[in-house]
Amino acid sequence: MSSQVPSNTGGSSEDHADTGAKNESDASPLAEGRHPNAAPRSRRRLFIIFGAVTTIVVLGLALGLGLGLGLKHHSSTNYVITNSSFLLDPSFEITSTPTTRYYEWVVEEATGAPDGFERPMLVVNNQFPGPLIEVNSGDELVVNVFNKMANGTTIHWHGQLQNGTNYMDGTNGITQCTIPPGMNFTYRYQINPNQYGTFWWHAHASTQYTDGIYGPLVIHSPNEPILGQYDREAVVVMSDWYHEMSSGLLTQYLSNAGIDGSNYGGFNPGAEPPPDSGLINGKMTGSSFIFEPNLRYRLRLINAATLTQFIFSVDSHVLTVVEADGTSLVGVDVHRVPINIAQRYSVILTTNQTVGTYNVRAEMQSICYKLTNNKLNTLVLGTMTYGASPSTNVNGQDWNDVYPGACLDLNSTMIVPAISMTPPSSTMDVTVAMSFQQTVASGGQQTRAFLNNTSWEPDSTDATVLQVQSYGTQNTFDSNQLVVISDDINVITLILNNYDDASHPFHLHGHVFWILGEGDGSYINGTSVLSYNNPPRRDTLTIPGFGWIAIRFIADNPGMWAFHCHVGWHMAAGLLMQFESLPSKIQQFTIPSYISDQCAAQSGGAVVGKRGMLPALGL
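Report on the accompanying structure. Only a predicted model underlies this, so the values are computations on that prediction, with no experimental measurement involved.

**Remarks on the overall build of the chain**
Link 1 in the chain: Counting its regular elements, the chain contains six helices and 35 strands.
Link 2 in the chain: Sorting the 619 residues of the chain into buried and exposed places 64% on the buried side.
Link 3 in the chain: As displayed, the chain offers around 20400 Å² of accessible surface, 50% of which is attributable to carbon and sulfur atoms.

The structure is reproduced here in structure tokens:
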């Protein structure tokens, strides 16, 4: 396990539809990775160029290889079931005795209307959000995913350390190729015994999760420091929502003209499509939490959006923040909680006010958008009721204070880990700059996102972990892969300078990192202020516009690990790099043969690598 990881936890689920969970004895006979014969059970961006810009083909390969960018057919027989409760079952046994949790999932197209506008969606087991997964630390998780869509897909287990099972991380082009239509993929890994808290899962192929493939993942543990601080639990998934399939929006976004011609001749690259609505647990309005009076509720907040930061609050109720991205915290009382894309917080709310119904608010921070949608209602409302019948006559009132840091995280001074850790000294420093640029490709000018001089594209016929297993440190990657190699156990300090005016939520796969500092402008060694006194630990943080962040992590977890912006449009535009940790151990992985088989299926034959264009970067 990554030695910097603390320990964290929770409850169980009350879903209104089949989650696909089964006992191990009921495991599917479907061969892993094979085709079954039976039916499956405003802001303007700075225009900066770092060095020569290489020719980049935006969508040709991605669309041709079927990365799930859109739907090619529509089934009118399925209508989505909305999972709007997510109250956790208090009878879930929290234990240190591990077991195997088995799920069977079908990923397919269906029709739904989360905000009242009917449209095709991508769903798991016909549910939106997708099934809740609840496990204990140390459990084995087995999820057999059958793809009934017309395009390939993957499932990423966000925040999971995956020590020794990097090839189960579910990252297209990095730890696997997409699951071809009509085939299945069995994800099987052990939950880290020292990991607990609030996580989520989502599709990791282009912008697929924008169209509905995501859901909560809760890890319980008797060792979680905050375990005795609450009586009940509920999951609150916030997300933005579009009325068009993300594939069409992505094509516009990457084009020279941009969304609705917003690029203004190349001086406004990367202006993202604004959403049409926001949702709480799959609903724009009407999400209802029925609680009991005089109890302490742990609300597990998850931001599953593509573009939107939310600020969460409950009228007339103080929220005590006790977890951030799986790290237990010293509790701090707030009225509002800012939560950026892919982040998670746990807050404790006590139902000790006048009995009745209160508004639950998820405020979309449209100030962070570059483009406006005049029809967008940025206030997403649910309700919380205790001690009475639900009513449209709500009690209490919105807090009249305003959170001061739009587009930024909760102040770092408020994120104090309950288990104190001092980061070890750095043995390897990496500095990266990010920007948006206009590039010349075969189809004309296009918008791409860059880390240093590299704009990432997934190698969808030869995942990079397979390349490293075959060739180790002798491997060279394509010019669209920025890879930092750590052949020993290193303590890496990563400096990221943001040459864009907007803030960006960055996520590191397979690790929990320390946040040493952030600031305006570019990082200056010896001048920029860093903190080593029990700094915040998490897996997703926000880098400010025209600013810098400094994080530190221990590269002791073998594998190919993505570090990317979690704005879906930005990752699809290339804002991703990789850390290659301990390639000698990657070569010792026992990777299931169906992973390479499915890569071969994408290329129409044997697995073919495209090497020799640019050496991997050992920075």
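**Examining the nonpolar core**
Link 1 in the chain: Counting residues in hydrophobic clusters, the biggest one holds 148 residues, and the most contacted among them are Trp105, Ile133, Trp157, Leu299, Leu301 and Phe506.
Link 2 in the chain: Ranked by the residues each element gives to this core, the list is headed by strand β12 (residues 232–241), at six residues.
Link 3 in the chain: In this view, Leu299 contacts Ala234, Val236, Phe291, Phe312, Tyr345, Ser346, Val347 and Leu349; residues no more than four positions away in its chain are not counted.
Link 4 in the chain: Membership of the second largest hydrophobic core comes to nine residues, among which are Met421, Ile495, Tyr523 and Ala550.

**Thoughts on the side chain of Arg361**
Link 1 in the chain: As for its placement among the helices and strands, Arg361 is situated in strand β21 (residues 356–364).
Link 2 in the chain: In terms of polar contacts, Arg361 uses its side chain to reach the side chain of Asp315, at 2.6 Å.
Link 3 in the chain: Among residues more than four places away in sequence, those in contact with Arg361 are Ile311, Phe312, Ser313, Asp315, Leu379, Val380, Leu381 and Asp398.

**Observations concerning the state of the cysteines**
Link 1 in the chain: Summed over all chains, the structure comprises two disulfides.
Link 2 in the chain: Two residues share a disulfide in this structure: Cys177 and Cys599, whose sulfurs sit 2.0 Å from each other. Around the S-S axis, the bridge from Cys177 to Cys599 shows a dihedral of about 100 degrees and counts as right-handed. Here Cys599 lies in helix α6 (residues 593–603) and Cys177 lies in the loop between β8 (155–158) and β9 (184–190), a separation of 422 residues in the sequence.
Link 3 in the chain: The class of Cys177 is buried, set by a relative accessible area of 1%.

**Some points on the layout of surface pockets**
Link 1 in the chain: Taken as a whole, the largest pocket holds about 470 Å³ of empty space.
Link 2 in the chain: Around the largest pocket sit 25 residues that line it, and Leu410, Asn411, Ser412, Thr413 and Glu518 are the ones nearest its centre.
Link 3 in the chain: Elements that contribute at least two residues to the lining of the largest pocket include exactly β29 (513–520) and β31 (540–543).
Link 4 in the chain: Counting residues per element, the lining of the largest pocket draws most heavily on β29, at four residues.
Link 5 in the chain: Here the residues of the lining of the largest pocket sort into 13 nonpolar, nine polar and three charged.

**What about α6?**
Link 1 in the chain: Those residues of α6 lying buried are Tyr594, Ile595, Gln598, Cys599, Ala600 and Gln602.
Link 2 in the chain: Tucked into the core, α6 has its buried residues touching β9 and α3 (464–471).

**Considering the packing of aromatic side chains**
Ring pairs (aromatic) are described by centroid distance and by the angle formed between their planes.
Link 1 in the chain: Per the counting criterion, the structure on display carries 21 aromatic pairs.
Link 2 in the chain: Taken together, a centroid distance of 5.5 Å and an interplanar angle of 75 degrees make the contact between Trp157 and Tyr187 edge-to-face. With a gap of 30 residues between them, Trp157 in strand β8 and Tyr187 in strand β9 connect regions that are remote in the sequence. Grouping residues by exposure puts Trp157 and Tyr187 together as buried.
Link 3 in the chain: Ring centres of Tyr209 and Tyr214 lie 6.3 Å apart, and the angle between their planes is 90 degrees; this geometry places the pair in the edge-to-face category.
Link 4 in the chain: Members of the aromatic cluster, joined through ring pairs, are Tyr103, Trp105, Trp157, Phe185, Tyr187, Tyr189, Trp201 and Tyr594.

**What about helix α2 (residues 246–254)?**
Link 1 in the chain: Where α2 is concerned, the buried positions are Ser246, Leu249, Leu250, Tyr253 and Leu254. For α2, the angular spread of the buried residues around the axis is 125 degrees, confining them to a single face.

**Regarding the pairing of strand β13 (residues 277–280)**
Link 1 in the chain: The two faces of β13 match: Ser277 and Leu279 on one face and Gly278 and Ile280 on the other face are all buried.
Link 2 in the chain: As judged from the four bridges shared by β12 and β13, these two strands associate in the antiparallel manner. Residue pairing across strands places Trp241 opposite Ser277, the latter belonging to β13.

**Some details on the sheet that holds strand β33 (residues 559–565)**
Link 1 in the chain: In spatial order, the strands read β26-β34-β33-β28-β31; together these five strands make up an open sheet with mixed pairing. Each of the sheet's edge strands pairs with one partner strand only, and the pair in question is β26 (483–486) and β31. On average, adjacent strands in this sheet sit at an angle of 20 degrees to one another, irrespective of strand direction.

**Details of the pattern of salt bridges**
Link 1 in the chain: Applying the stated criterion across every chain yields a total of 16 salt bridges.
Link 2 in the chain: Between Asp139 and Arg101 there is a salt bridge whose closest N-O contact spans 2.9 Å. With a gap of 38 residues between them, Asp139 in the loop between β6 (133–136) and β7 (140–147) and Arg101 in strand β3 (residues 100–112) connect regions that are remote in the sequence.
Link 3 in the chain: Residue classification places Arg101 among the partly exposed positions, given a relative accessible area of 21%.
Link 4 in the chain: Asp401 is the partner of Arg336 in a salt bridge, and the nearest nitrogen-oxygen pair spans 3.6 Å. Taken together, the residues Arg336 in the loop between β18 (327–334) and β19 (337–339) and Asp401 in the loop between β22 (379–386) and β23 (428–441) connect sequence positions 65 residues apart.
Link 5 in the chain: Take Asp401: its relative accessible area is 31%, and that puts it in the partly exposed class.
Link 6 in the chain: Counted as one network, the salt bridges with shared partners bring together Asp315, Arg336, Arg361, Glu363, Asp398 and Asp401.

**Some words on the sheet that holds β8**
Link 1 in the chain: In space, the four strands of this open sheet follow the order β6-β11-β10-β8, with mixed pairing throughout. For this open sheet the edge positions go to β6 and β8, each flanked by a neighbour on one side alone. With direction set aside, neighbouring strand axes in the sheet form an average angle of 20 degrees.

**Considerations on the pairing of strand β10 (residues 197–203)**
Link 1 in the chain: Counting buried positions along β10 gives seven out of seven residues, so the element sits mostly inside the fold.
Link 2 in the chain: Judged from the four bridges that link them, β8 and β10 form a sheet pairing that is antiparallel. Bridging across to β10, Trp157 finds its partner in Trp201.
Link 3 in the chain: As paired elements, β10 and strand β11 (residues 214–220) share six bridges and run antiparallel to each other. Within β11, the position partnered with Gly197 by the bridge is Ile219.

Conventions adopted
Residues numbered from 1 in each chain as written. Predicted model: local features only at pLDDT ≥ 70, side-chain atom pairs only at ≥ 80, totals over all residues. Heavy atoms only, no water. Helix = DSSP H or I, 4+ residues; strand = E, 2+ residues; numbered from the N terminus. Buried < 20%, exposed > 50% of the residue type's maximum accessible area, 1.4 Å probe, protein only. Areas by Shrake-Rupley, 256 points an atom, 1.4 Å probe, with all protein chains shown as cover. Core = buried A, V, L, I, M, F, W, Y, C linked by side-chain atoms within 4.5 Å. Contact = heavy atoms within 4.5 Å. Polar contact = N/O pair within 3.5 Å; in protein donor to acceptor, adjacent residues only side chain to side chain. Disulfide = S-S within 2.5 Å. 1 Å grid on protein atoms, 1.4 Å probe; cavity = no way out; pocket = protein on both sides within 12 Å on 5 of 7 lines; lining within 4 Å. Points joined across faces, edges and corners; volume = space filled by probe spheres on them. Nonpolar A, V, L, I, M, F, W, Y, C, P; charged D, E, K, R; others polar. Phe/Tyr/Trp six-rings, centres within 6.5 Å; stacked < 30°, edge-to-face > 60°. Arc of directions from axis to C-beta. Pairing = 2+ DSSP bridges. Axes fitted to C-alpha atoms, helices over the stretch in contact; angles between N-to-C directions. Salt bridge = Lys/Arg side-chain N within 4 Å of Asp/Glu carboxyl O.

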